[in-house]
Structures are given as C-alpha cells and as structure tokens.
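Examination of the molecular architecture
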Amino acid sequence: MRFSLLAGALALAFLVSPAASAHEIKAGALVIHHPWTRATPKGAQVAGGYTLIENKGDSPERLMGATFAAATAVELHVMEMKDGVMTMRPAVGGIEIPAHGSIEFRPGGLHMMFTGLKSQLKEDDEIDGTLVFEKAGTVAVDFEVQSMGSQTPVEGHDHDKTN
Amino acid sequence: MTRPTEPEKTPSVTRIARFAPYAVGVVLAGMLGLSGYLIWAAVGPQGVGLSGAVTGRQIGPGIGGDFTLVNQDGKTVTQDDFRGKALAIFFGYTHCPDACPTTLSDMTDRLKALGPDGDKFNVLFVSIDPERDTPALLKTYLESFDPRISAATGSQAQVEDAMKKFRVYARKVGEGDAYTYDHSTAVYLMNARGELVSLIEYQARQDEAVEKMRRTLAS
C-alpha cells in the first residue's frame, strides 16, 4: 500500500514536472502547446485543429489565421453545443489571446477547421503548418495526429519518449 | 424593502416560536427539492421524456416512423429494412469536423464493447447533406468504421422527411462549397419494433452509452 502510494506520488511528480521534450513552440511572448489534430475517416474533406496558446506578454495578441500542409484552407471557428445541437461560426477578425492569458482550441469548442484535405490523416503522423499572429507574425508549428475519437490532447508518443 | 434591523440582543422565545413553522417549511421544501433533483438525476437523463437533447423540448413518443432513404450502395432503404434488430440512428454529414466522425468512432467502440450483442444492432448514419454526400462518398467514409455501420442519404425531400420524423434540427450555415450545418448530435436508440427507447447524447461516457444500448436490446 505504502509502496503504491509512493509510486503514485512519483508518477504524479513526473506528470507535473515540465517535460524536457514537451511538444511546444515558443515565439516571443507566446507559447504554443501541442498543436494536434485527429485521424480522419477515408474520404473526409475536413478535420479540426487544436492547441493551447499562452500569451506571457503584457499586451494582447491575436491569432489571425493558420495553414496546414495537408489542407487547402484553414478557418477559425467558434463552436458550441446547445440543447444537443452543435453550432459553428467563423471567428471573424481572428481570436484574441489576452495578455498573461491563454486560449484553448479543443474538440467541441473553438477550433481550426482544415478544409479541402489533400490526404487522409493517419494517427501518429506529423503535419507541418503555421499559425499567423497579428504581432508575432507567422510561426511554424507541427500538428500531431491523434486517434479519430480523441477528445483531449495526448502529448507525445514521438516527442516525449521518457529517457 | 428594508432589511430588518438587528434583532434585540435577546430574541424572545415567542419570536422564535413564531418563525419556527416557516423554518420547518423551508427545510421541508429544500428536502423535497433535493429529493426531486435526485429522482430526476437518477431517472431523468435516462428517461426519454426528460432528455430534451434534440430540440430542447421534451421528447415524447412518436419519434421515428417511416422513412425512405438511399444507402451507401445506392439502394433504396426504408424503416422495414432495419426492423427485427435494434437501431442506433443519427444524423450528420461528412464535411463535419467534429461531432460526426467522433460519433462514428464512438459507435465503433461501443459495438466492440457490446461483444456478440453488437450484432443485434443496426447502426445508421444519415447524411443531412445529400448535395455533397453521395452514396459513393458515404461508402468510402464508412470504410474507416465498424462494418456493421451503414449510411444513407436521399433526395433533399427524403432526408428532410426523415429529419422531421426524428425531430432532428439542422440548419445550413454559409454559402458556396464551404457551408456547414448546425445540427442535432444525439444517437437515437430504437428497439426492434421501431420504438424510441433512449438517446445517447454527444460525448456521453462510453460505459453509459453501452448500458443504454443494452437496455435497448432488453426492451
């Protein structure tokens, strides 16, 4: 019992300790955490892109758009569920990331919609893209492809190989 | 309304006595409310009548009914093709970035979790987007999921008729080729006689969803 508690504590310590090889991209005051997308069904034309963007700066930043190598276009979308109905609208004028704040793109919420997919996205693939900010400009990122039904970011099979 | 001023330092017994019935009443009402909530929590979300997932209004009997659609092989199908087995039916479209592939992926996992009982279900994904979702595209799309899942679309009129029968909400948003839909995301669980037994709401827990599917088989 005591041993398992200790093991649990150790595991937790590893979980919360900043992983040396975390999938994140820094650009000035911005930290872009684990850009990811999901495997798509065969024939699918669209996919969602997700990430968490942290703004450590003193002034707000704005995500204006994005690109994704396997898609012809990317739209920023606001999505919400109301009474079992999913609604989706383009985020006009980009998405603000407040000073000392963060914004999360996730399934069922704010997301990037990749349209005109050129190929089927397969789990564990990594796809190049960019995020375009009002002040920080264009930042190169890579999107990790998670499983089709994933609802939450799972950081790194490839990046986080523990020692 | 002004707040009553501080009561005298020694509240009289009569005053307490005067308020006691109210206090008891408040406590009783609270208990009633709590038990009501507990009953709702235990029964409501399971019960068809209180689910309210589709339009936000109560879902009564009479959901479902006759429909005529065209399946992924281009063959006309009606409700009769799905009787004799339970039916899990839901509505979406392939240009949907989130809810539709997620639901299909979840249904694939649920069928697996059901084991041999999975064979007692028909699962039907109805496209509300006949303009872009041809039977051929649906057939390709299905290859990524459990082979027991089929898909259907139809003429605009056929699709709208089916949506009406299942009280599915869908609204086209945007123009040109890049349009999307606001749409209902629940999976309807019908028993072998075509009666609605339960709904699986979007992002329901897998174990709860599988339990609902088992109940559908038992009903």
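Coordinates for the structure precede this section.
What this report covers is the structure whose coordinates are included nearby. Each chain carries its own residue numbering, running from 1 in the direction its sequence is written. By the order in which they are written, chains take letters starting at A while ligands take numbers starting at 1. Confidence filtering applies because this is a predicted model: local features only for residues at pLDDT of at least 70, side-chain atom pairs given and counted only at 80 or more, and all residues used for totals across whole chains, interfaces and linings.

Turning our attention to the interface of chain A and chain B. For every residue pair, C-beta atoms are placed from the backbone, and the pair is scored as a contact if these atoms sit within 7 Å. Contact residues are listed per partner, giving 25 residues for chain A and 34 residues for chain B. Broken down by secondary-structure element, the contributors of at least two residues to the side of chain A that touches chain B are strand E3 (46-55), strand E5 (73-82), strand E6 (85-90) and strand E9 (111-115) of chain A. Tallying contributions element by element places E6 of chain A first for the side of chain A that touches chain B, with four residues. Sheet analysis places E6 of chain A next to strand E7 (residues 180-184) of chain B, joined by two bridges and oriented antiparallel. Looking across to E7 of chain B, one finds that Val85 of chain A is bridged to Ser184 of chain B. Runs of H or I in DSSP of at least four residues are treated as helices and runs of E of at least two as strands, each being numbered from the N terminus. Strand pairing follows a simple DSSP-based rule, namely that at least 2 bridges must link the two strands.

To continue, consider the packing of helix H3 (residues 99-114) of chain B against helix H6 (residues 206-218) of chain B. All names here are of chain B. Only the contacting stretch of a helix is used when fitting its axis, a line to C-alpha atoms as for every element, and angles between N-to-C directions run 0 to 180 degrees. Two numbers describe how H3 lies on H6: the axes approach to 10 Å, and their chain directions differ by 65°. In the packing of H3 onto H6, the handedness of the crossing is right-handed. Residues Asp106, Asp109, Arg110, Ala113 and Leu114 of H3 touch H6, and the partners they reach there are Gln206, Ala209, Val210 and Met213. The classification used treats Ala, Val, Leu, Ile, Met, Phe, Trp, Tyr, Cys and Pro as nonpolar, Asp, Glu, Lys and Arg as charged, and all other residues, Gly among them, as polar. For the contact of H3 with H6, a count of residues per class yields five nonpolar, one polar and three charged. Throughout, a crossing is termed right-handed when the near helix is turned clockwise from the far one, and left-handed when it is turned anticlockwise from it by less than a right angle.

Residues and elements named next belong to chain B. Judged by how many residues are buried, strand E9 (residues 196-200) sits mostly within the fold: five of five residues are covered. Across four bridges, the pairing between strand E8 (residues 187-190) and E9 is antiparallel. By the bridge assignment for E9, Val187 is matched with Ile200. From the end of E8 to the start of E9, which pair antiparallel, there are five residues, and Gly194 there has a positive phi angle of about 85°. Each residue is classed by its C-beta neighbour count within 10 Å, where at least 20 other C-beta atoms makes it buried, 12 or fewer makes it exposed, and intermediate counts make it partly exposed; the C-beta atoms are placed from backbone geometry.

Note that every value here comes from positions in space, so none of it alone points to a role or purpose.
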